[in-house]
Amino acid sequence: MNGRSEPISLLLLVSDPEVVAFLLRWSFTGQQVVTPAVDINAVLTFTAPASWAGQERVTLTARDPEGASASVAFTVIADRRAGDFDGNGAVNFDDFFAFAGAFGTAQGQAGFDARFDMDGNGRVEFNDFFVFAEVFGHTTR
Ligand SMILES: [Ca+2]
Ligand SMILES: [Ca+2]
C-alpha cells in the first residue's frame, strides 16, 4: 500500500438500505498504525505511513440513529511487496514454491525464514498462506 488503501464503499456492507449512509456513525477499534477514515459517501480508506509494513486487524462498527449497530473486521495489509520473496517485482509461483519450501517451519528450526512468517507469529502455517494468497498475483513495480 502506497500510504493509502483502495477506497472501499461501505454501502456494500450496510444491510439496512433504509438507513441513509450519512446518518450512520462509524467507529473503529483495533487500529494502531493505520488510520481508517470514512467520508460523507461512506467510502472507507485506510492510511498508514508509506514506510510501514505489516498488517492490522481493524473492526469497523456502524451505528444507526436508533442505536442498532453492526460490525465488520478488516485485515489491513500495508505492504503489497509482502510475498515477493525473491524480489523480482511480482508475487508469482516462484514465490509460492519458496513459501511452500518453508511451510511448517517454526522460529528456531532449520529452514525457517521470517519473510515467510507473514503474520509474524513465529510459525509458517496456514494463516501465512492466506496472507500470501491475498497478495498473489500482485506486481510491485
Ligand atoms: Ca517474486
Ligand atoms: Ca505465521
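Residues numbered from 1 in each chain as written. Chains lettered and ligands numbered in written order. Predicted model: local features only at pLDDT ≥ 70, side-chain atom pairs only at ≥ 80, totals over all residues.

**Overview of the overall build of the protein chain**
The secondary structure content of the protein chain amounts to 2 helices and 6 strands. From first element to last, N terminus to C terminus, the protein chain shows the α and β order β-β-β-β-β-β-α-α. Buried residues in the protein chain amount to 18% of all 141 residues. Sequence-distant contacts, at least 24 apart, represent 52% of the contacts inside the protein chain between residues at least 6 apart. (Helix = DSSP H or I, 4+ residues; strand = E, 2+ residues; numbered from the N terminus. Buried ≥ 20, exposed ≤ 12 C-beta atoms within 10 Å, placed from the backbone. Contact = placed C-beta atoms within 7 Å.)

**Looking at the sheet that holds strand 6 (residues 69–77)**
The 3 strands are arranged 2-5-6 in an open sheet whose pairing can be described as antiparallel. Sheet topology places strand 2 (25–29) and strand 6 at the edges, where each strand pairs with a single neighbour. Neighbour-to-neighbour, the strand axes of this sheet turn through a mean angle of 25 degrees, independent of strand direction. Sheet topology places strand 5 (residues 55–63) next to strand 6; 9 bridges connect them, and they run antiparallel. Note on strand 6: the bridge partner recorded for Thr-59 is Ala-73. (Pairing = 2+ DSSP bridges. Axes fitted to C-alpha atoms, helices over the stretch in contact; angles between N-to-C directions.)

**Focus on the sheet that holds strand 3 (residues 35–38)**
Backbone hydrogen bonds are what pair the strands of a sheet, in a parallel or an antiparallel way. Taken in spatial order, the 3 strands line up as 1-4-3 in an open sheet, and their pairing is antiparallel. Of all strands in the sheet, those bounded by a partner on one side alone are strand 1 (8–9) and strand 3. Pairing of strand 3 with strand 4 (residues 43–47) involves 4 bridges; the strand directions are antiparallel. Along strand 4, the bridge assignment pairs Pro-36 with Phe-46.

**Notes on the environment of Val-58**
If you trace the backbone, Val-58 turns up in strand 5. Residue Val-58 is classed as buried on the basis of its 20 C-beta neighbours within 10 Å. Distance in space between the C-alpha atoms of Val-58 and Gly-30 is 4.8 Å, their sequence separation being 28 residues. Residues contacting Val-58, with those up to four places away along its chain left out, are Phe-28, Gly-30, Gln-31, Val-34, Pro-36, Phe-74 and Val-76.

**Overview of the confidence of the model for the protein chain**
Of all residues in the protein chain, 82% have pLDDT values of 70 or greater, and the mean over the chain is 81. Of all helices and strands in the protein chain, the one with the weakest mean pLDDT is strand 1 (74), whereas helix 1 (residues 93–102) scores best (94). (pLDDT = per-residue confidence, 0-100.)

**Looking at the environment of Met-118**
Structurally, Met-118 can be placed in the loop between helix 1 and helix 2 (126–135). The spacing of Met-118 and Phe-132 is 14 residues in sequence and 7.5 Å in space, taken between C-alpha atoms.

**Concerning the environment of Arg-63**
The topology assignment puts Arg-63 in strand 5. Judged by the 15 C-beta atoms lying within 10 Å of it, Arg-63 is partly exposed. Separated by 40 residues in sequence, Arg-63 and Leu-23 place their C-alpha atoms 8.6 Å apart. Residue contacts for Arg-63: discarding those within four places in its chain leaves Leu-24, Arg-25 and Ser-69.

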